[in-house]
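Here is what each chain is made of, one letter per residue.
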Amino acid sequence: MLELKHISYTVQEGEEELGILRDISLTLDNHKLVVFTGPNGGGKTTLAKIIMGLVKPTAGQILWNGQDITDLGITERARLGISYGFQQPPRFKGITVRRLLNVAAGSQKLSKDQCCQYLTKVGLCAGDYIDREVDASLSGGEVKRIEIATILARKAGLMIFDEPEAGIDLWSFAKLTETFRMLHGTRENTIIVISHQERIIDLADEIVMISGGKVVRHGPKEEIMPHILADTAGM
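Computed from a prediction, not measured in an experiment: that's the story for all the values here. (Residues numbered from 1 in each chain as written. Predicted model: local features only at pLDDT ≥ 70, side-chain atom pairs only at ≥ 80, totals over all residues. Heavy atoms only, no water.)

1. Remarks on the side chain of Thr 179
Going by this rule: Numbered from the N terminus, helices here are DSSP runs of H or I no shorter than four residues, and strands are runs of E no shorter than two. The buried label goes to any residue with under 20% of its type's maximum accessible area, the exposed label to any with over 50%, and the partly exposed label to all in between, with areas taken from a 1.4 Å probe on protein chains only. In what follows, a contact means two residues having at least one pair of non-hydrogen atoms within 4.5 Å.
Its location among the elements puts Thr 179 in helix H7 (residues 170-186). According to the relative accessible area criterion, Thr 179 is buried, its value standing at 2%. Thr 179 has contacts with Lys 121, Val 122, Arg 145 and Ile 148, leaving out every residue within four places of it along the chain.

Put into structure tokens, the structure is as follows:
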């Protein structure tokens, strides 16, 4: 279970303090797929980065499965099974996909078959990718699915994905949606996805709408989705 208690985040802008997040409290049960959505600049990515430890909150407390992780760094949180997928995953010239999967797995040495299984789970033909370098020759969709495979290899209990649909083509987006559907179907992980895409939102158990640094709605998809459609009908 992920618990956020009274999370706030402010930045200094000249002589003024700018409130990015304002007293956010959330409880997310294990093995749920939760979508953070809302207008750009509302604070979604900042909140996700605070959960991962990339940003330190100005105030508030974060609990993961009952443990206070508020003051833990990124590495310590990763060891507890928290992972983060970036909008634009990094590329690593000179490092093969197989090597990257083994780095993600940590002390566990992955066999070729195990690496192939992770790639297959994210919709990639393992034989075509396992020995390729994670460089500019790969498309945005390919790199994102490889990143998801590394998160699987890490056996993360909490997976956070920041706008995974950004910068990828329609075919890659369709495959990415199926990957999230497959991941959620195992009920082995808690998944947070930041997204504006209806096809991804439709996969959610719960939706959290964030605007102006506050949670404006939170509940089951069936309850929140009509509000999203009403809010965007005139756009």
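Here the narrative resumes.
2. Re the environment of Glu 198
Tracing the chain through its elements places Glu 198 in helix H8 (residues 198-201). Dropping the residues within four chain positions of it, Glu 198 is found in contact with Met 225 and Leu 229.

3. Observations regarding the environment of Pro 226
One can find Pro 226 in helix H9 (residues 221-232). Separated by 43 residues in the primary sequence, Pro 226 and Leu 183 place their C-alpha atoms 25 Å from one another.

4. A word on the nonpolar core
The tendency in soluble globular proteins is for nonpolar side chains to be buried as a group. Note the cut-off: We define a nonpolar core as any set of buried Ala, Val, Leu, Ile, Met, Phe, Trp, Tyr and Cys residues linked to one another through side-chain atoms lying within 4.5 Å.
In this structure, Leu 101, Leu 119, Phe 161, Phe 180, Val 193 and Ile 207 are the most contacted members of the largest nonpolar core, which totals 45 residues. When residues no more than four places from it in sequence are discounted, the contact partners of Leu 119 are Val 97, Leu 101, Leu 124, Ala 126, Tyr 129, Ile 130 and Ala 149. Grouped together as the second largest cluster of nonpolar side chains are 26 residues, Ile 7, Leu 26, Phe 36 and Ile 194 included.

5. What about unusual backbone geometry?
We note that Asp 23 has phi near 55°; this positive angle belongs to a residue other than glycine. Summarising the element assignment, Asp 23 is placed in strand E2 (residues 16-28). In this structure, Glu 163 is a non-glycine residue whose phi angle is positive, near 45°. Position of Glu 163 relative to the elements: it lies in the loop between strand E9 (158-162) and H7.

6. Topic: the confidence of the model for the protein chain
A low pLDDT means the predicted coordinates there should not be read in detail. So the rule is basically this: Per-residue confidence from the prediction method is given by pLDDT, with values spanning 0 to 100.
Considering every residue of the protein chain, the mean pLDDT works out to 89; 99% of them sit at 70 or more. When mean pLDDT is taken per element in the protein chain, strand E4 (residues 59-64) scores highest with 97 and H7 scores lowest with 82.

7. Quick notes on helix H3 (residues 97-105)
By the burial criterion, the buried members of H3 are Val 97, Leu 100, Leu 101, Asn 102, Ala 104 and Ala 105. As for H3, its buried residues are in contact with strand E7 (92-96), helix H4 (112-121), helix H5 (126-129), strand E8 (133-134) and helix H6 (140-153).

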